[in-house]
Structures are given as C-alpha cells and as structure tokens.
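Fold and geometry: a report
In case you want the letters, here they are:
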Amino acid sequence: MDIKRDYYEDIRLLGSGAKRFWFGVMMLALAVTPFLLPGHVLSDVNFIAINVIVAIGLNILVGFTGQVSLGHAGFFAIGAYATVLLMSAAQFVPFPLALLAAGLIAALFGFVLGLPSLKLEGPYLAIATLGFGMAITQIIGRFSVFGGRDGIQVPEVHYLDRLFVEYAGMTASAAKAADLYFIIIVFAVAMTIMARNIIKTRVGRAFIAIRDDDIAAQSMGVHVTLYKTLSFAVSAFFTGVAGGLYAIWLGYINPESFGFIMSVLFLAMVVVGGVGSIMGSVLGAIVISFLDLNLKQNTIVQIPVLGNVLVMFTDAVMDTNGIAYVSYIIFGLIMMLIVVFEPLGLFGFWIRIKKYWKTWPF
Amino acid sequence: MMILQPLIDGLAIGSLYALIALSMVIIYKTSEVPNFAQGEMAMLSTFFAYYLMENAGFAFPYAFLGALVFAAVVGVVFEFVFLRREKEVGILGFILITLGFERILYGIAGWKWGSEQKLFPSSFAPLPVSGSTMIHLGGVSISQIKLIIVIVAVSLIGLIFLFFKYTRVGIAMKATQQNATAARINGIRTKRIMSLTWAMSAVVGAIAGMLLVPGTNTSLDANIMLAPLLKGFAAAVLGGMNTLVGSIGGGIILGVIEKFFGFYISSEFETVVAFLIIVIILWFRPGGLFGRHYVRKV
Amino acid sequence: MNRFYSFIIAMAFASFLILPGCAKKAVDERRGVTDTTVKIGQWGPQSGPAALWGAVARGSDLYFKIINEEGGIAGRKIQHFIRDDGYQPNRTKSEVKQLVEGEGVFAFVGGLGTATGMAVKQYLNDNKVPWVNPSSPSSHWTFPQSKYLFNFFPLSSTEADLLLKYAMENLKKNSFSIFYQNDDYGKLGYLAAKHILEKKGLKLAEGVSVENADTDLSSHALKLKNANADVVIMWVNPKHASIILGQCANIGYKPQWMASSTLSDMAIMYKISRGLWKDMIFANFTESPDSDSPLMKKYRAYHQKFAPNERWGVFYYAGIMFAEPMVEALKKCGKDLTVENFVKAMESIKDFQGIGPKITYGPNQRQGANSIFIAKCISDTKAQKLTGWLTSDFDVNEILKQVK
C-alpha cells in the first residue's frame, strides 16, 4: 500500500496511474460481461449486483457507524413497493425517478428508525430494528393499496433490449437480462463510488468517530444525533434503491418475501465480506448471494465423491428426502469458518493475498 | 371471566418466552452477545428427546433427561470448536457465528427428520401431567402442562439466581463476566467457566423447547423455534439483557400484552404491537425494565 | 493460517465463482425435445419452511418413471428435472431460467408456491414455455389467463362455496367462523366465505387469521370460542390446524370443523392432531389414499417398486395428478411435438379424468376444473366419501374486485 502524503491524496477517487488503469479494466470488463455470459447466468449476476448495493448500504450503518440492524429487509420492501407503486399508480413517473424517489422514501423511514438508536445500542437496537422489519411487512400485507397479501405484479422496464436483439444477436430473454444488467450495474457502480466518497468526507469521518466511541466523538464536537440518524437514512437509501431494482428483477413482490431471514442474509454479507470495508461488502455480497442461489440439492449431489458419500449416508441413516438440507449445513459452515479464521472477513483474505504478492519472490 | 383467560394464557406463554430469554441472558451476561442459535439448539434437543422416545423407546422422563445431556454437549462443543479462538472476532463476528451455527443445526434437524410434522407426546407419562387435561379455577382454565411451564420458569429463574449468588461456580461465572483477565489472575479457569455457561444456557433452552411443544399443542418440525426465539430475545431485551429477573418479567409482560391484544383487537397484529410496545418502553428505559441503565466504559 | 493457505482458499472461491459461467450451451429451436427424450422441469421446495409440500415434485417424478417404464410417449422417454428452490422466489427465478436457457426444458409441470410461481410466470409465458398445473391454489394463474399456463387446482373460493353449501344443505348449520392463514390463499377463502354468506343474508360469526410464524394460538382459540359458531372452516397449514384443534378442545369448544383440501392428508393430520381429526369434514382435490380405482391401484403398485421409502401421502400422489393431463397432451401430440402443438393438444383435452377431477381445457379456457369432493374422517386411515366430485359455479372475479 502506498503511503498517502496529504489529505487531498486521500480523498482522490483514483489516485495513481495504476489505480486508474485497473478501474478502466474493471469498467471494461463490466461493460462486456453481458455479451459473454448466457442470459440465465447474467440474470444471477443481476441479483448479485443488487445485493452488492444492499451490502454496501448496510455496511455504512453496521461497519462504519457501528449500529446493528436486523430490519433491513424492511427498507428493501419499502424500496420495492414504493418503486412499483410510483410506476403503476402514477404512470408518468419514469423508472429511474421512481427508483430514486423510493430510495428517498426508504431514507425517510431510515431516519425515523434512527431515532431509537440515539438511546439504544447492541441487542436493544437489534430488537427495535427487528420489530421494524416485521411491522413493515405486516402493514404492507394489511392494506389493499399495497396489493395486500396477494402481492403485486411489477411493470416491465426496458430500454435497450431491442438493440441487443438486433445488433448483438441475443435471444429475447437474454436481451432483457442484459438490459436490466446495465440499469443495475450503473446504479451499483455509482452507489459504490458514492459510498466511498461519503466515507472519505467529513460525514464518513463522523460516522467512524461514532463507531469508535460516541461519547468521545461528541466531546470532539461531532453532532451525534444528526450523524446517527443520517447514517440510518443513508443506509436505508441504498437498501431502498436496491429494493426497487429487486422488484424489477423479480417481476412480482409480496410481503412474505421480505422476511427475517433476508435481513440475516444481508448482515451475513457485511460480516463475511469484512466489517467497515466497501471492497469487503462487494466480496461478501457476491459470495453469500452466489451460495444462496447455487447451494441446493442438485448441485450438492453432483459434487464429486462428497456427493456420493452424502447420498449413501442419507439413505443409510437420515431421512430419505432430507438431503436438500445439507445445503443449510454447508452454508452455515462456510459463513462460520470465514469469520472464525479471518475476523476481517473476505477483505482480510484479500489484504493477505495482496501482501503476499507484493513481496512475492521474497 | 373472559378477561382472566387471556391473562392466564399470556402468563403461560410468557413463561415460555421467559425460559428462552433466560437462556439468552445467561450467555449475554458472560459474552455480551445475543446467541441466535439458541432456538435451534432447543429445537434439536427436542428432536433428540423425540428420537429417544420414538426410536429407542424411553419413557418421557428419561428422554427429557437425555435431551438435557445432549443439549449440554451441543453447547460445550459449539463453544469449544468455534468460539474458543485466539483471534478476537468482535461482537458482529460472534453474532454471525451463532447465525451460522443456527443454519447448521436447522440443516441437521431437517436432514435427519425430514420435513414432515412429527408428533411429540403431549403427556409426560408415566408422570401424571398432560397437555389435554385442564385445571379449572373459577371461570378460567389452564392445561396441566401450561401450569407446569409457569412453575418451571419461576423456579428455574429462582434456582439460577441462587446459583449465581451462593455457589462457587456461580460466583466464578460472575467474576468471569465482569473481568475475565482479573478472574484468570485470581485462579479461575475462565475457559472452563465459559464452557459451563454454554452448557447451562443450552440446558435451559432445551427445557423451554421440550415444554413449548406440548404446551402449545404444536407438532414438531425444524421450523418451530424461529418465532419463539425472536419473542424470547425480545422478552430478554424488554426485561433487560443483564438481569435474570428481567427475563421472567419481560417474558410475562410480552406474553400478556400479546394475548390481550390478540383477543380484544386483532390477532393479525399481536406480534407487531408487542414489538412496538417494547420499542416505546425502551425509549424511556434504554436498559430494559429491570436492568440498570446501560453504562459503557469510555 | 499462513499465506499459502489463504491464497489457495481465495483461488478456490474465485474458480467457484467463474466456472459456472463457462458452461454455455446452445439452445436449438426445438427446445427440450429430441427423438428419444423430452425434458420436463419442476420446482418444489425440498428444504426450508414449505418443504412439507416438496412431496408433490417427487410424486410427479414417480409418475414419469412409470411412463418411462411403460415405454415412454411416442418413443420418447421423459427426463424430469426437480429443482429445490427452498420456497424463495429469487431462487426459483434463477433455477427456472437455468432450466429453460441452460438445460433447455420443453415444459414445466407442477411448480409450488404463489410467490415463486409469480416470479417466473411472465418469463415462461414470454418465452413460450408451457407450464401445466401449478400445484398451489392461487387466483393469479388464470385470472387473467395466459396462453402457456394451464391450471386446475381448486381455488380456496371454490372450496368456500362448496363447503358452505354442504354445511347449509346437508348439515343444516347456519353460523360459521373462519380460521385462515394470513396470505393470499387463506384470505381468498375467508373473503369468499364472507361474500357468500352475505349474499344469503347471513353474517360470519368470526374470522380469525393466523400468521405463518405463530406458534401459540390460545388467543385465536379463545376468539373462536367466544364467537361460538356451529361450524369452523379452516384454510391453514397442517401445523396450525393441529394446534387450533388442540387448543379449542382444551377450552371446551367443539364445533363441527371443516378443512380445506390443503389439509386433506388425513393420515398425518390424524396423527399430529392426536386423533382430534376424527369427524372432520374436509375438501379433497384427489382420490383418497386407499381408493380402489384402477389407476390408483396401478400407481400404488409402482410406488412399492420405485420409491418404497416414500410415504404414500396425498401430496405425494397429487404430484401424479398434476402431471397426468400433461402426459395426455404429450400422447396426443405423438411424434410431432412442438410447443404450439402441445398447447393445441392441451386445449383439446375434454372430460379427461385421472385420479383428480374431470378436466376440460379449451382455446379460451385455462382453468381446467373447479372441483372438489367432500369426505369425512372416520379413523386415521378411513375416510367416508360424503359427495361425488362437485363443481362450483362461484365467480371468483367478484372477490378479486374487492381485493384489488
């Protein structure tokens, strides 16, 4: 890691030439991805990119400000519903605007949920946020304005899919996935940079000061009330936008889809990725959502050797149809072992690899 | 007499929440983290008791004891394998480890016993206690098991209170919780104490699980403990995470609010309103109803 | 841990992420059909909170094995792909897309869950993938209709209509309470029952809802007792049904209980309700397990042969029922199997009866049946058939207008 000599160097987005180069390579890679991957894989990538936004948003709250939240599925639901309702109730609202408005609505709720955080912390705050997450889905399910328990179908959004079909020779469904990919990836990249900038500025330093010690921060002149609620609002904004994208991706939303387990998965992404690291959130979101999508009965059975052993073991001792549950065991183990062996999460592994190669032959 | 019935029901279910809360508080007191695997530890122990009764033919009392031993072993093994590390994982890391363990236990239960509902006996035969025999007092009625639940919850909390106050091990636990380094310097094997704490908490949780199933007339499957765990956690927070009395107080208040609201206004919102009330109470008493205000070292 | 191991682990993760992307398969025009095989997909939770219903997919699998054993259809063997989605819509979406675009399946059968199905309904229709008989009751499937989606699962409004009619005409009861699970399925039953009673000038004594996660139902039971209706009709899952029966028996409330078809697995219901299921009057969407219709006898024999470890439960062989019309249509298509031909063959199915109700599809008719029969539980293995197959003429649109 290079030594930074002054403040301006620290806040610069792309400091050195090498960084600029790699950033360019990454952007290029992101741009060509949809033309290389088949449509259904791209669709999974879209889902993962949505989770990246959530993980970064949650990390601002959990990792940088030190507040726990078990209710982020609630913000996700608010974002999803607000986007869909704005688009279908007020026909003239274009999708990106609806998405930003949904983010702001979620931010407003985040601000409200931030208020208890002024007095509560640790498990007390966890319970308050958990209650919030439960209440949101109940309220959405109660009122028919929100589609009630029946759920609502999401209107389709497309911009470029015709072009992809005509010029890139994609099938219709792959073109749709590619179209959605560009919408999602633009938001994901923009919001990653946004999060990075927030952290590097006065606001971010206030967050970190609060995380490290809120009393000390207060005595240094940080407005704790403001920044704690602001942190909730910013985090909710990210999650809300991601929720809107999720609604578009999935095509149908109903209150039961936004449960406690979803909040747990979000938290797992942050912690597995690395608390207080944006790069870590990206890694964590990728790994956790990849496992969530792909650890299932038919993939486990196909693992060489282990798969056969598991099937035989299941037939001999376990319930005949229980083998699908092995996915939970593997998922839990991976989650635990990453944290047990590297408390900094995947970001910690990344740092080690970087160090290793920096001094490689020596 | 209709007004008393929700009160009695609330008292009974509140005592169950109190037992789960108690098991969480025991862990919280020593390591300052909520243990999200508590519910599944109880669920798996209950399944183990079921296994002993169905497949090995033990009578309920022996299966019950067997399951308690099993729970203690699970607690100790978990502590030993995953938590006893040189590296400091931090509170969030710790929460995630318990969440991971929760997934694993859920997976094991589903793998072994499948997804179909299992019948856990509702009577403690040969003991004369049954979930379908009712005791009538005035106009209200309560099943024998629910009465047992209340008695067990209250007496267990009393016992544990005495345990912490008067026994050497209990005092050592308290010392470890207040300052682990100082305790070690004074000759307390803090690691062993931690294992014991986990065993104790797991046993209390297992008792809660095995009373919950016949007490609420439910059948047994891998999903039964998720909601009760969250309620128990909420009860612990309501009462104050660092007090034993808090868990019984919080549990019963939560249960009674829930049942009254569910009966008189809307069963749809009983859980949500209970959580809302908790948040309001916490706003005025941030350390829980019975806890001291949360004082942090700077 | 030293540097080397961390590197290995990181590389393992990286390859884990990159590898699946490399498996790119070309999908030809006649997706999923060759001269010797036809690929059929199905999703159903084998794990997670709804895994109880996962038996449906395994039942369909048994049926396809039977078909293959008997020589297949027009020389083609059926390849059946079951995907476990854990009842999560995002996973259903991922898996269905993988099956359609990666594996290239011809059609889907069954498919469990409203949210999971809705996540892919539009996609399947857009890509002209036929989807035959979703195995969850939802008004979303055929209201409005879509070209490639066929359904005959009776809606909860159908059950409401027929159960109420039976109770009023045959049992001469006039006061009803509803105990329903608070989701689209339960709520439709509740609203329909309320609507039907209002039309008759009756008032619902009480409607009590239960959340999926609830475990203690004492206040629910108390509410039902307080309303003191003669009949209580349930649209809930098996766990809640057994709990509420126990709780109500404990506080001395013994109405005539009636249950929806999702609770028709009598053997297990009788067991987990500790015998309280006796005298339950319940709706059925498929033959009873011990039925001696020739088809059922045949399936039972094959069940012993292919999957002896599996319990012969209602939802297991319901999987057969959901797949029967599909196989019928495949047979009609014969050698010339294309999607459009298949849809035409499905549309030409008229008065077809396997182990379910009589099914009729048509060019503008995607809801193949709206039928149940009513039975009464005598003991854990014996049910008494109270009626033959009944068809409801209740118009669900009346309710949907209220909901939307």
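Helix and strand content of chain B: 11 helices and two strands. Beginning at the N terminus, the succession of helices and strands in chain B can be written as α-α-α-α-β-β-α-α-α-α-α-α-α. Against the globule reference of 19 Å for 298 residues, chain B gives a C-alpha radius of gyration of 19 Å, in line with a compact fold. Reported as C-alpha extents along the three principal axes, the dimensions of chain B are approximately 60 × 50 × 35 Å. Residue burial in chain B is summarised as follows: out of 298 residues, 63% are buried. Put simply, of all contacts in chain B between residues at least 6 apart along the chain, 73% involve residues at least 24 apart. With an accessible surface of roughly 11200 Å², chain B has 68% of that area assigned to carbon and sulfur atoms. In chain B, which carries 21 positive and 13 negative side-chain charges, the distance between the mean positions of the two groups comes to 15 Å.

Helix and strand counts for chain A stand at 17 helices and two strands. Here chain A has a C-alpha radius of gyration of 22 Å; the compact-globule value for 362 residues is 21 Å, and the two agree. In terms of overall dimensions, chain A has C-alpha extents of about 65 × 60 × 55 Å along its principal axes. When each of the 362 residues of chain A is scored for burial, the buried share is 57%. Looking at chain A alone, contacts between residues at least 24 apart form 76% of all its contacts between residues at least 6 apart. Summing over all exposed atoms, chain A offers an accessible surface of approximately 14600 Å²; the carbon and sulfur share of this is 71%.

One finds L245 and F258 of chain A to be the most contacted residues of the largest nonpolar core, which totals 220 residues. Among the elements that take part in this core, helix α11 (residues 224-250) of chain A stands out by supplying 16 residues, more than any other. Judged by nonpolar contacts, the second largest core, of 55 residues, contains M296, A307, V327 and M346 of chain C.

Turning our attention to the packing of helix α3 (residues 89-103) of chain C against helix α4 (residues 114-126) of chain C. Residues and elements named next belong to chain C. Two numbers describe how α3 lies on α4: the axes approach to 8 Å, and their chain directions differ by 35 degrees. Where α3 crosses over α4, the two elements pack in a sense that is right-handed. Of the residues in α4, those touching α3 at P89, T92, K93, V96, K97, V100 and E101 are A115, T116, A119, V120, Y123 and L124. Residues belonging to the contact of α3 with α4 are distributed by class as follows: eight nonpolar, two polar and three charged.

With 48 residues of chain C at the contact, the number on the chain A side is 51 residues. Both faces combined, the contact of chain C with chain A buries some 4500 Å², and carbon together with sulfur accounts for 56% of it. Taken together, the connections running from chain C to chain A amount to three salt bridges. At the surface where chain C touches chain A, the tally comes to 15 residue pairs in polar contact (both at pLDDT 80 or more). For the side of chain C that touches chain A, the secondary structure elements donating two or more residues are α1 (3-22), α3, α4 and α6 (184-199) of chain C. Tallying contributions element by element places α3 of chain C first for the side of chain C that touches chain A, with 10 residues.

Listed as interface residues are 51 residues of chain B and, on the opposing side, 55 residues of chain A. Between chain B and chain A lies a buried interface of about 4800 Å² when both sides are counted; carbon and sulfur atoms form 79% of it. The largest share of the area that chain B buries against chain A comes from L92, L96 and W111 of chain B, three residues that together contribute 18% of it. Linking chain B with chain A are one salt bridge, by the criterion used here. A salt bridge links E268 of chain B to R142 of chain A; its shortest N-O distance comes to 3.5 Å. The tally of links from chain B across to chain A stands at seven residue pairs in polar contact (both at pLDDT 80 or more). Elements represented by at least two residues in the side of chain B that touches chain A include exactly α3 (60-83), α4 (90-113), α9 (226-239) and α11 (270-284) of chain B.

With that settled, the discussion passes to helix α10 (residues 244-264) of chain B. Residues and elements named next belong to chain B. For α10, built from 21 residues, the straight-helix expectation of 30 Å at 1.5 Å per residue is met to within 8% by its first-to-last C-alpha distance of 31 Å. Burial analysis of α10 places 16 of its 21 residues in the buried class, which makes it a mostly covered element. Two or three places before G246, at the opening of α10, T243 has a side-chain oxygen 3.1 Å from that residue's backbone nitrogen.

With an omega of 5 degrees, the peptide bond running from F143 of chain C to P144 of chain C counts as cis. The residue V305 of chain A is not glycine, and still its phi comes out positive at about 60 degrees. You can see V305 of chain A is positioned in the loop between α14 (297-302) and α15 (306-316).

Residues and elements named next belong to chain C. One can find E347 in helix α12 (residues 339-347). Classification of E347 as buried rests on a relative accessible area of 18%. Excluding anything up to four places from it in sequence, E347 contacts F150, Y361, G362, P363 and R366.

Our next topic: the packing of aromatic side chains. All names here are of chain A. Inspection of every chain in the model, using the stated rule, returns 55 aromatic pairs over all chains. For the pair F164 and F182, a centre-to-centre distance of 5.8 Å together with 25 degrees between the ring planes defines the contact as stacked. Placement of the pair is F164 in helix α7 (residues 161-167) and F182 in helix α8 (residues 172-200), with a sequence separation of 18 residues. In this structure F164 comes out as buried when scored by relative accessible area, which is 8%. We classify F182 as partly exposed; its relative accessible area is 22%. Between F237 and F238, the aromatic rings sit 6.4 Å apart at their centres with planes inclined by 85 degrees, giving edge-to-face as the arrangement. In terms of burial, F237 and F238 fall into one category: buried.

With that out of the way, let us pick up the pairing of strand β8 (residues 231-235) of chain C. Residues and elements named next belong to chain C. With five of five residues buried, β8 lies mostly within the body of the structure. Both faces of β8 are covered, namely the face carrying V231, I233 and W235 and the face carrying V232 and M234. Bridge analysis of strand β6 (residues 176-181) against β8 gives five bridges, and the strand direction is parallel. When the sheet's bridge partners are listed, F176 is paired in β8 with V231. By the bridge criterion, four bridges tie β8 to strand β9 (residues 256-259) in an arrangement that is parallel. Along β9, the bridge assignment pairs I233 with M258. You can see the chain leave β8, run along helix α8 (residues 238-250) and come back into β9, and the turn it takes is right-handed.

All right, on to the pattern of salt bridges then. Counted by the stated rule, this structure contains 30 salt bridges over all chains. K39 of chain C is paired through a salt bridge with E103 of chain C; the nearest N and O atoms lie 3.5 Å apart. On the criterion of sequence distance, the pair formed by K39 of chain C in strand β1 (residues 37-43) and E103 of chain C in helix α3 is long-range, its members being 64 residues apart. You can call K39 of chain C buried: its relative accessible area is 18%. Within this structure, K146, K231, E258, K259 and E270 of chain B together with D216 of chain C form a network of salt bridges that share partners.

For the rest of this paragraph, the subject is a nonpolar patch on the surface. On the surface, a cluster of nonpolar side chains totalling about 690 Å² of accessible area is made up of F111, V112 and L115 of chain A together with L276, I280, W283 and F284 of chain B. Residue assignment for the nonpolar patch shows that the elements contributing at least two residues are α5 (95-117) of chain A together with α11 of chain B. For the nonpolar patch, the element with the highest residue contribution is α11 of chain B, accounting for four residues.

Counting all residues, the mean pLDDT for chain B is 88, and 97% of those residues have values of 70 or more. Taken element by element, chain B is modelled with least confidence in strand β1 (residues 134-137) of chain B, mean pLDDT 83, and with most confidence in helix α2 (residues 38-54) of chain B, mean pLDDT 94.

Residues and elements named next belong to chain C. Counting buried positions along β1 gives six out of seven residues, so the element sits mostly inside the fold. Examined bridge by bridge, β1 and strand β2 (residues 77-83) share seven bridges and lie parallel to one another. Along β2, the bridge assignment pairs K39 with Q79. Taken together, β1, helix α2 (residues 55-69) and β2 constitute a β-α-β crossover, and its handedness is right-handed.

Calculation rules
- Residues numbered from 1 in each chain as written.
- Chains lettered and ligands numbered in written order.
- Predicted model: local features only at pLDDT ≥ 70, side-chain atom pairs only at ≥ 80, totals over all residues.
- Heavy atoms only, no water.
- Helix = DSSP H or I, 4+ residues; strand = E, 2+ residues; numbered from the N terminus.
- Rg over C-alpha atoms; globule rule 2.2 N^0.38 Å.
- Buried < 20%, exposed > 50% of the residue type's maximum accessible area, 1.4 Å probe, protein only.
- Contact = heavy atoms within 4.5 Å.
- Areas by Shrake-Rupley, 256 points an atom, 1.4 Å probe, with all protein chains shown as cover.
- Lys, Arg positive; Asp, Glu negative; His and termini not counted.
- Charge placed at Lys NZ, Arg CZ, Asp CG, Glu CD.
- Core = buried A, V, L, I, M, F, W, Y, C linked by side-chain atoms within 4.5 Å.
- Axes fitted to C-alpha atoms, helices over the stretch in contact; angles between N-to-C directions.
- Left-handed = near helix turned anticlockwise from the far one by under 90°.
- Nonpolar A, V, L, I, M, F, W, Y, C, P; charged D, E, K, R; others polar.
- Buried area = accessible area lost by both parts, 1.4 Å probe.
- Salt bridge = Lys/Arg side-chain N within 4 Å of Asp/Glu carboxyl O.
- Polar contact = N/O pair within 3.5 Å; in protein donor to acceptor, adjacent residues only side chain to side chain.
- Expected span 1.5 Å × (residues − 1).
- Phe/Tyr/Trp six-rings, centres within 6.5 Å; stacked < 30°, edge-to-face > 60°.
- Pairing = 2+ DSSP bridges.
- Right-handed = clockwise from strand over helix to strand, strands pointing away.
- Patch = residues over 30% accessible without salt bridge, like charges linked within 9 Å, V, L, I, M, F, W, Y side chains within 5 Å.
- pLDDT = per-residue confidence, 0-100.

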